Amino acid sequence: MSARIHPSILAADFARLGAELERIRTADLIHFDVMDYHFVPNLSFGMPIFETITASSPLPLDVHLMISDPGRWAPGYAEAGAASVTFHAEATDDPAAVARDIRAAGARPALALKPGTAIEPYLEILGEFDMVLVMTVEPGFGGQAFMPETMPKLRALRERVDAEGLELRLQVDGGIDATTIATAAEHGADTFVAGSSVFGAENAAAQIELLRETADAHTHAH
Ligand SMILES: O=C(CO)[C@@H](O)[C@H](O)COP(=O)(O)O
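Small disclaimer: the values here were computed from a predicted structure and weren't measured. (Residues numbered from 1 in each chain as written. Predicted model: local features only at pLDDT ≥ 70, side-chain atom pairs only at ≥ 80, totals over all residues.)

### Points about the overall build of the protein
Now for step 1: The helix and strand tally for the protein stands at eight helices and eight strands.
Now for step 2: Here the protein has a C-alpha radius of gyration of 16 Å; the compact-globule value for 222 residues is 17 Å, and the two agree.
Now for step 3: In terms of its C-alpha atoms, the protein occupies a principal-axis envelope of roughly 45 × 40 × 30 Å.
Now for step 4: Taken over 222 residues, the protein has a buried fraction of 44%.
Now for step 5: Taking as baseline every contact in the protein between residues at least 6 positions apart, the subset at least 24 positions apart corresponds to 62%. (Helix = DSSP H or I, 4+ residues; strand = E, 2+ residues; numbered from the N terminus. Rg over C-alpha atoms; globule rule 2.2 N^0.38 Å. Buried ≥ 20, exposed ≤ 12 C-beta atoms within 10 Å, placed from the backbone. Contact = placed C-beta atoms within 7 Å.)

Here you go:
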């Protein structure tokens, strides 16, 4: 399967959001980061902006909830039309229940792990999810440097997914550019969030294509 590129609109020029969405129409999904000043030390946007973008965007949205109490808010994004809703393992005591609520509300559930969070406690519930997001920076801000120390976790997850034949996408997010995407693809990622490297490029479509081709070239059969 071909690599999927999800530009993070956290790095877009919000004063020109309509034009920014046009620049990335060759991407696969739009990554929408929800932050609450509580789970992470930053605030971004929520449901009103989500609804506005969903109504006008040529691409569906991949919602990443960096919020406390995701069980309370996640199904609402699914009902409002999100393609996938990702929430953090660290933010809930019952990730399987949150995943089931997201699926029942019509979106694909995904589990996110901060760089320091191990995957082992969640291996038995991977079947509840359509995607796992291995954060390659501490969540909260765009423009940070990729953390290569997260790669062993990604590789272990890839080996588990392949060994069990699970239908699970593996996403990375944070510091992804034309160099780091090769490393992440080699370690088993197939879905890539990229903020600054896409919106900071003069030609965003060419950058999306470069990222996709680079990831495909460094993907082993999986
Ligand atoms: O979730 C986050 C940050 O917490 C990301 O989605 C960033 O928005 C990615 O930005 P870049 O590192 O690609 O600039």
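### What to know about helix α5 (residues 151–164)
Now for step 1: With 14 residues, α5 ought to run about 20 Å at 1.5 Å a step, and its terminal C-alpha atoms sit 20 Å apart, in line with that.
Now for step 2: Within α5, burial applies to K153, L154, L157 and R158. Along the axis of α5, the buried residues cluster in a sector spanning 135°; they form a single face. Turned more than 90 degrees off the buried face of α5, the exposed positions are P152, E159 and A163. (Expected span 1.5 Å × (residues − 1). Arc of directions from axis to C-beta.)

### Quick word on the UniProt feature "binding site: a divalent metal cation" (unreviewed entry) in the protein
Now for step 1: The UniProt entry lists H31, D33, H64 and D173 under the feature "binding site: a divalent metal cation" (unreviewed entry), expressed in the numbering used here. In three dimensions, the annotated residues from a span of 143 residues occupy one location, with a maximal C-alpha spread of 10.7 Å.
Now for step 2: For D33, the position within the fold is in strand β2 (residues 30–35).
Now for step 3: If sequence neighbours within four positions are ignored, D33 has contacts with S8, L10, S44, H64 and M66.
Now for step 4: Checked against the element boundaries, H64 lands in strand β3 (residues 61–66).
Now for step 5: Judged by the 28 C-beta atoms lying within 10 Å of it, H64 falls in the buried class.
Now for step 6: Contact partners of H64, with chain neighbours within four places excluded, come to H31, F32, D33, V34, T86, A112 and L133. (UniProt positions renumbered as here; feature names shortened; annotations may be inferred.)

### Describing helix α4 (residues 95–104)
Now for step 1: For α4, the full list of buried residues reads P95, V98, A99 and I102. The arc that holds every buried residue of α4, seen down its axis, measures 100°, which confines them to one face.
Now for step 2: At its buried positions, α4 is contacted by α3 (70–79), β4 (84–88) and β5 (108–113).
Now for step 3: Immediately beyond the C-terminal end of α4, within one or two residues, lies G106, with a positive phi of roughly 105°.

### Observations regarding the pairing of β2
Now for step 1: With six of six residues buried, β2 lies mostly within the body of the structure.
Now for step 2: Residues I30, F32 and V34 line one face of β2 and the alternating positions H31, D33 and M35 line the opposite face, and both faces are buried.
Now for step 3: Here β2 pairs with β3 via six bridges, running parallel. If you follow M35 over to β3, its bridge partner there is M66. (Pairing = 2+ DSSP bridges.)

### Topic: the site of the ligand
Now for step 1: Around the ligand lies a shell of 22 residues, among which S8, L10, G142, G195 and S196 are the nearest.
Now for step 2: At the level of elements, β2, β8 (191–194) and α7 (196–199) are the ones that each hand at least two residues to the shell around the ligand.
Now for step 3: Grouping the amino acids of the shell around the ligand by side-chain chemistry returns eight nonpolar, twelve polar and two charged. (Near = placed C-beta within 6 Å. Nonpolar A, V, L, I, M, F, W, Y, C, P; charged D, E, K, R; others polar.)

### Quick notes on the UniProt feature "binding site: substrate" (unreviewed entry) in the protein
Now for step 1: Under the present numbering, the feature "binding site: substrate" (unreviewed entry) in UniProt falls on S8, H64, G140, F141, G142, G143, D173, G174, G175, G195 and S196.
Now for step 2: When you line up the elements, D173 lands in strand β7 (residues 169–173).
Now for step 3: The class for D173 is buried, based on 27 C-beta atoms found within 10 Å.
Now for step 4: Residues contacting D173, with those up to four places away along its chain left out, are L133, M135, T136 and V193.
Now for step 5: Relative to the helices and strands, S196 is located in helix α7.

### Focus: the confidence of the model for the protein
Now for step 1: Looking at the protein, pLDDT values average 97 and 99% of them are 70 or higher.
Now for step 2: Here helix α1 (residues 17–23) stands out as the element of the protein with the lowest mean pLDDT, 95, in contrast to β4, whose mean of 99 is the highest.
Now for step 3: For this predicted complex, the interface confidence reaches an ipTM of 0.98, while the overall pTM sits at 0.97. (pLDDT = per-residue confidence, 0-100.)

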